[in-house]
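Coordinate inspection notes
Given next are the chains, with one letter for each unit.
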Amino acid sequence: MSLSPLLSYCKYRISQDMAPYKNPKRGHGRSINHKREKLYNSRIIRTELDDKSFTNPTVTNSDVITIDNMANKLDVPSFLRSREFEIKSFEKSQLRSRYSSATRVFQSLPRELRRRTASHNVRRIPKRMRPRALKEMGFSYRDVKKETKGVSESGKPLKKAHPRGRQLYKLRRKSKLLKYAAKHKLSGHLIDGEVIDIKKLNVREKLKMIRARIEEIERTRRVTNEDTQNAPESLEDKDLLAQREAVHLPSNLTGAYDNTGVNCKAGIHRIVSLKYVTRQSKFKWLPTHVWQAKRAKMIKRWGWNIANEPTMKCFRKTSRSSRIKGCIAWDTSYINTIVVNCDPSKKDVLNALLSELTNGSVTKKKQYISGRKAWEGLIYVNKEPLCVGSVLQVPSEKLIRSAVRIHPSVYDVVIDKILSYVQDGIDINDCRYSIGSINVRGPKALTSLQSIFHTAKTDLAYKLWRKFSRLNDTETVPTGTVFSFEIQDPRLWSKSVIPHNTPETVDSILDSLLELQEGKGNNEDALHKLFSIEGRSQSYKNQQTLKQLGKRRTPERSGEPIPSTSKDPSIPISVIKSATNSYDVIVPWFWVMPIWYQLVHVPHLMIAGLKQMNQLAYEKGELSFEDMIFTRQGFINSQIKMRENARKWNRKPRSKRVQYNSLALGSERGEALSPFGCDWRSLQVLRYALQKIPPGTDSSKAYPSEFNKKLERVIKCKADVLEVIKDIKKADKASELLGRPLFQTLPVRLANKKEDLGEKGVDIDVRNLPPLPVRAVYFECTSRGHITDNARMYRIPADSLDSWLSFASNEEKDIRGRNVSGRMLGIPGSEYLVGLATSATFNLVKGFSTGVGFVDSSSDDDRLILRNVGSDVCHVCRVSYLSSIWRN
Amino acid sequence: MAPATAPKLARLENKCLVKHAPPRAYSQNEGSHVVYIKSSTPYISALKRIERSLDGFRPLPNRNGSPVAKSGSNIKYIVVKGMGKAIPKVVNLGIHFKYDKQLHVELYTKTIGVLDEFVPKDNENDDDDEEEEDDDVLRKRNVGSVELHIML
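Conventions used here
Residues numbered from 1 in each chain as written. Chains lettered and ligands numbered in written order. Predicted model: local features only at pLDDT ≥ 70, side-chain atom pairs only at ≥ 80, totals over all residues. Heavy atoms only, no water. Helix = DSSP H or I, 4+ residues; strand = E, 2+ residues; numbered from the N terminus. Buried < 20%, exposed > 50% of the residue type's maximum accessible area, 1.4 Å probe, protein only. Contact = heavy atoms within 4.5 Å. Areas by Shrake-Rupley, 256 points an atom, 1.4 Å probe, with all protein chains shown as cover. Buried area = accessible area lost by both parts, 1.4 Å probe. Salt bridge = Lys/Arg side-chain N within 4 Å of Asp/Glu carboxyl O. Polar contact = N/O pair within 3.5 Å; in protein donor to acceptor, adjacent residues only side chain to side chain. Nonpolar A, V, L, I, M, F, W, Y, C, P; charged D, E, K, R; others polar. Pairing = 2+ DSSP bridges. Axes fitted to C-alpha atoms, helices over the stretch in contact; angles between N-to-C directions. Parallel < 35°, antiparallel > 145°, perpendicular 65-115°, else oblique. Left-handed = near helix turned anticlockwise from the far one by under 90°. Phe/Tyr/Trp six-rings, centres within 6.5 Å; stacked < 30°, edge-to-face > 60°. Lys NZ or Arg CZ within 6 Å of the ring centre and 35° of its normal.

Attention shifts here to the overall build of chain B. What chain B contains, in helices and strands, is 2 helices and 7 strands. If you list the helices and strands of chain B from N to C, you get β-β-α-β-β-β-α-β-β. Across the 152 residues in chain B, those meeting the buried criterion constitute 36%. Taking the intrachain contacts of chain B between residues at least 6 apart in sequence as the baseline, contacts between residues at least 24 apart amount to 75%. In the structure as shown, chain B presents an accessible area of about 9,700 Å², 52% of it carried by carbon and sulfur atoms.

Let us now look at the overall build of chain A. If you tally the helices and strands in chain A, you get 25 helices and 28 strands. The proportion of buried residues among the 888 residues of chain A is 46%. In chain A, once contacts between residues fewer than 6 apart in sequence are set aside, the share between residues at least 24 apart is 71%.

Every contact between the two is made by 38 residues of chain A and, on the other side, 31 residues of chain B. Here chain A and chain B share an interface that buries about 3,100 Å² over both sides, 52% of which is from carbon and sulfur atoms. Across the contact surface, chain A and chain B share 5 salt bridges. A salt bridge links Asp136(B) to Lys365(A); the shortest N-O distance between them is 2.9 Å. In this structure, the connection of chain A to chain B is made through 13 residue pairs in polar contact (both at pLDDT 80 or more). Elements represented by at least two residues in the side of chain A that touches chain B include exactly α3 (76-99), α11 (361-364), α12 (366-369) and α16 (506-517) of chain A. Considering every element that reaches the side of chain A that touches chain B, the biggest residue donor is α16(A), with 8 residues. Here the side of chain A that touches chain B is composed, by residue class, of 12 nonpolar, 11 polar and 15 charged.

Attention now moves to the sheet that holds strand β17 (residues 605-607) of chain A. All names here are of chain A. Pairing is mixed across the open sheet formed by 6 strands, whose spatial order is β14-β15-β16-β13-β7-β17. Strands at the two margins of the open sheet, each flanked by one partner only, are β14 (482-488) and β17. The average angle at which neighbouring strand axes cross in this sheet is 25°, direction not considered. Both strand β7 (residues 327-331) and β17 contribute to a ladder of 3 bridges, which runs parallel.

Moving on: the packing of helix α1 (residues 43-56) of chain B against helix α2 (residues 87-100) of chain B. All names here are of chain B. Interaxial distance between α1 and α2 falls to 11 Å at its minimum, and their mutual angle equals 50°. By the angle between their axes, α1 is oblique relative to α2. Crossing angle aside, the handedness with which α1 passes α2 is right-handed. Here Tyr43, Ala46, Leu47, Ile50, Glu51 and Leu54 of α1 lie close against α2, whose contacting residues are Lys89, Asn92, Leu93, His96 and Phe97. Taken together, the residues of the contact of α1 with α2 sort by class into 7 nonpolar, 2 polar and 2 charged.

Our next topic: the packing of aromatic side chains. All names here are of chain A. What the rule picks out here adds up to 19 aromatic pairs over all chains. Centre to centre, the rings of Phe468 and Phe483 are 6.0 Å apart; their planes meet at 70°, and the pair counts as edge-to-face. Here Phe483 lies in strand β14 and Phe468 lies in the loop between α15 (460-467) and β14, a separation of 15 residues in the sequence. Grouping residues by exposure puts Phe468 and Phe483 together as buried. The interplanar angle of 85° and the centroid separation of 6.1 Å between the aromatic rings of Trp680 and Phe854 together place this pair among those described as edge-to-face. Separated by 174 residues along the polypeptide, Trp680 in helix α23 (residues 680-690) and Phe854 in strand β26 (residues 848-856) bring together distant segments of the chain. With relative accessibility at 0%, the residue Phe854 sits in the buried group. Here the aromatic cluster, defined as three or more aromatic residues joined through ring pairs, consists of Phe453, Tyr462, Trp465, Phe468, Phe483 and Phe485. Taking the ring centre of Phe79 as reference, the NZ or CZ of Arg83 above it sits at 4.8 Å.

The values reported here are purely geometric and, on their own, carry no functional implication.
See below:
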């Protein structure tokens, strides 16, 4: 039997005679449109209709014709050959069409290596792929012009017709500077006001004079310093002297210097280039800013320019890198470090300070006071929780140093508090521009750090560190473990290298972990260097530029590290295991970039931003900065998000936006709370006002409101409560417009256990409503469904508890045996509304929706109903209460 | 003679136990041939995960038509690991692959050291802040473990 009838069903079919489509050839032997030809041919299955096995068929192959009156017979060998050909071509075409899909060569690159603009620019593709890329674009590699349209020969976009953006800025800047220069020239003064005849001077000569004058002033200043403070007595004097010396340290070409504020706030005052003076005036740059800005979307927050998220999509990759393989790195230099230096005689004052900042949890345990472990938890000022921070103590007999690390949003409050403790024997260094940090998280975190930190001095601490050179660590090393030691410039090595140690046994690793808890991983000397001005300045001494390092790298030693000399600095660092299962690397500010540059070349390391921090937190059921609405800054953050959402919604045309006010939600109409975010103020009013409804009132009925003598609404039923919310929102808005400060006390406060809302006699007053106690919860969706941020949490109504629970366990079936839709159970009324979800979405670890949020502390149900904003579908969620936010 | 068994370690009173994962070396490509089973891993999920890694070693035709295995050809067996409460699950998986799938299976027993951390319980003494607390206690513990080798 012929296969041909079978193949005739195929969409494309040609006979063997019909040659595959070929384009007219050009001079160099390639067809003009090779790609299209290939694609066309890949869809073709060749058959052999002109079958030789029939000795003499007609065109239609129907009649039996005889040759020499002999019956027509089948030529078996040729018949088999024909079918073999057809089967082979069928199989080949299957493979061909699989591999000839319309992909371009840059798509075969891993996503990290792809560049912006999807690389239609040939110059942006790795060299090994360029011939293929050119071919795909219809050019030949042998062509004279090996380039892409609109791109210069070096791969940069062709110049625009007229300057714009940065160029325009430069021009404007130049004109301004020239104006200043001209003004200065005309004035005819040098610095001291000494008048000279400017007509006789040219600019170069004038510059020379100014420079000489500056040098002279500096020389005299140094001499007077040495004279007056020959032997500085107090801690403050010592630090001030060190600070002055650090600024004048002319020891490197990189421009690195220590910039610390002694007993005052630090600032960046030194102008490196006049051209860019205005650049960082409001929002400072992290040490790795230029590197990050090319690869991430930046956001301006808390006085810093911080990476918000990588340009590359990375939701899944982030989750996987933090759990399964690889690791994630953040530049967290925006976290401010404040070092408190304390004379041992003033130990009590230091302890009082730390006790106040940490609500007593640092001073409670000896492991924190003795510096064996680092503490991490909530930082308080005046008993108000502010942010997550950490404390590391460096005890010694001469001088105790305590490093407090805080979130930049609360910098002003905390530093003012700490500065109020300054006295004789206690001295504060504000290191926000002199100590930076990098955070690395994931199974490979420890290994990747191990591969870039090398040293020549092998002290006990470093040897202990090396024991974990291959550890896959997500939860093996306990939180708060501290390593500190000195390392060499990581750029001496051309790539990351893990030393070839003999593999450690499980037992020896556990023993080393126990040793670490005794503080043996801590080189006190290194910590003192890291947290002192002199120590950090020393580490910048002779810091090499890339050019200098490049000169030392000789071709015959390629692949090996550059041999270090005695002049090369050693860098004091500290590596701390933090509560988020990540490693905080604390380093002097100007060493962050060299370390970062080495770190990002470790294979399988990805960079991330603030968004990813938030994502990882709620995936693990923890609270991130965004979720901590019980702190002032967190609350402000949620308000900002709410307003932004409202603004976006308002900008849309009416037909394109969800009409939240007319949503039919069970017996109610419209969202009771603001649909644009977590409206804690309204929740607070709602919860307190609901308590004022007299018991036994029918919630389904509404009466016209009554007012008392003070013209306040008397709460008699649920409808009154909803009106009260509107009243208070209106009053808030009015006082905001009058310029009165809103939220002097936050509408919510954190409660760690079940608390009742108190007496029923709480007055529903705009100003004096007590904050609503809320508990942090983690929830998991029990059924299908996608819960998003700002979802509303309802208590399950007692009368329909059974049906909701059976719905949750997927037992509730309809008449046809299918799962019941949540819609059939209705939507609980707003009297059941107890909380709001701050962050929620599909969780890749669990395989269903999870999230974190806060509920009114009177609730201790293990299941709650969640409803997304603007939706009438409810989901039942299992809830667990986060009893304490941070284990201290 | 009955085998000598180590006495069971008692929990510390009034302390919260934080369990730490046993130390293991990081390896980038472990995912292709090592499957870790924990007590909460559903049996069927484990089965599918092992099947998927077995599939990785089955040759499929590449673009030239010659058979090539996705995960390479250096690995001789797939490792399934489980400890403590997950041991019966791993053994059951072994039985499945031995009898239902007719594969050659080897089972090894091991002991693995883990670290227990005892931290003070929360909210016990909220009122008296001044009271000093003990430091966190770290303790070694040994856990039984099995390792399954499923030959390709």
